[in-house]
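Residues per chain are reported as follows:
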Amino acid sequence: MKVRVVTFPGSNCDKDVGSVLHDYFQADVNYTWYKESFDDVPDLVVLPGGFSFGDYLRCGAMAKFSSSMESVVKYANKGGKVLGVCNGFQILTESGLLPGALLHNRTLKYICKDVELVPVQENGFAKHFPGNLSIPIAHGEGAYFADAETLERLEKNGQVVFRYRENPNGSLHDIAGICNEKGNVLGMMPHPERAMNPFTGKMDGKQILEALLKN
């Protein structure tokens, strides 16, 4: 399996997600710098967490103009699988690959803790999970927002993938993760790569990556 992990100035979870994909899925991981374009067809492209370009302007607003993102958009539009985690989710919304936006947490404070995710049964990913998942979050701008029409469309089309059992940040409809209409682009604020360490007893993140690769 070939994976591209796109890294931006300020990314800090690229090696985290790359290492678990290599160690648990035997993936051939290529770390792609934001200035680099690509025209191959990997099995998965990951936009990792962090603070791309220092999160100046809005989170992900500068990253979307990167040469690598032009390649990511073309790849996604052809049906390629894309995962955006935290800052990666923000970049996906800024680039138009996913609808909506991520706003400041309702408390206006940075939040770092484990949360319980509820897989949404109307979405195809839910069939891969036997129950709720414990996954950590770490963000200051993670409150999902979209207008009423977009929210209605997301719910109707089964594009909401995960909800928070107890909403930590003010996300509308308790949304923690969504996908595009085709189901090949997934964005989520919680970090599955941080819940893949048997020494800490946290392995629920493996289920999410397995579901993405199988779906």
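Right above here is the structure, for reference.
Below: a short report on this structure. Since the structure is predicted, the reported quantities are computational estimates derived from the model, not experimental observations.

Thresholds applied
Residues numbered from 1 in each chain as written. Predicted model: local features only at pLDDT ≥ 70, side-chain atom pairs only at ≥ 80, totals over all residues. Heavy atoms only, no water. Buried < 20%, exposed > 50% of the residue type's maximum accessible area, 1.4 Å probe, protein only. Helix = DSSP H or I, 4+ residues; strand = E, 2+ residues; numbered from the N terminus. Arc of directions from axis to C-beta. Contact = heavy atoms within 4.5 Å. Phe/Tyr/Trp six-rings, centres within 6.5 Å; stacked < 30°, edge-to-face > 60°. Lys NZ or Arg CZ within 6 Å of the ring centre and 35° of its normal. Axes fitted to C-alpha atoms, helices over the stretch in contact; angles between N-to-C directions. Parallel < 35°, antiparallel > 145°, perpendicular 65-115°, else oblique. Nonpolar A, V, L, I, M, F, W, Y, C, P; charged D, E, K, R; others polar.

1. Here we look at helix H4 (residues 148-157)
Consideration 1: Of all the residues in H4, the buried ones are Thr150, Leu151 and Leu154. What you see down the axis of H4 is that its buried residues fit within an arc of 100°, all on one side. Facing away from the buried surface of H4 by more than 90 degrees, the exposed residues are Ala148, Glu149, Glu152 and Lys156.
Consideration 2: Structurally, H4 contributes buried residues whose contacts are with strand E8 (143-145), strand E9 (160-164) and strand E10 (175-179).
Consideration 3: Of the residues trailing H4, Gly158 is marked for its positive phi of about 70°.

2. Here's the deal with the packing of aromatic side chains
Consideration 1: Enumeration according to the criterion identifies five aromatic pairs in this entry.
Consideration 2: Centroid distance Trp33 to Tyr34: 4.9 Å. Interplanar angle 75°. Geometry classified as edge-to-face.
Consideration 3: Overall, Tyr34 belongs to the buried group, its relative accessible area being 16%.
Consideration 4: Ring plane angle 65° and centroid distance 6.4 Å describe the contact between Phe38 and Tyr75, whose orientation is recorded as edge-to-face. You can see Phe38 sitting in the loop between strand E2 (28-33) and strand E3 (44-47) and its partner Tyr75 sitting in helix H2 (residues 67-77), a full 37 residues away along the chain.
Consideration 5: One cation-aromatic arrangement involves Lys15 over Tyr31; the distance from NZ or CZ to the ring centre is 5.3 Å.

3. Comments concerning the packing of helix H1 (residues 14-25) against helix H5 (residues 204-214)
Consideration 1: Where H1 meets H5, the closest approach of the two axes is 12 Å, and the angle between their N-to-C directions is 75°. With respect to each other, H1 and H5 are oriented roughly perpendicular. Every residue of H5 that contacts H1 at Val20, Leu21, Tyr24 and Phe25 is listed here: Lys206, Leu209, Glu210 and Leu213.
Consideration 2: Its residues assigned to classes, the contact of H1 with H5 comprises six nonpolar, no polar and two charged.

4. Examining the environment of Lys206
Consideration 1: For Lys206, the position within the fold is in helix H5.
Consideration 2: On the basis of relative accessibility, which here comes to 21%, the residue Lys206 falls in the partly exposed class.
Consideration 3: Separated by 10 residues in sequence, Lys206 and Met196 place their C-alpha atoms 5.9 Å apart.
Consideration 4: Not counting chain neighbours up to four residues away, the residues in contact with Lys206 comprise Tyr24, Phe25, Ala195 and Met196.

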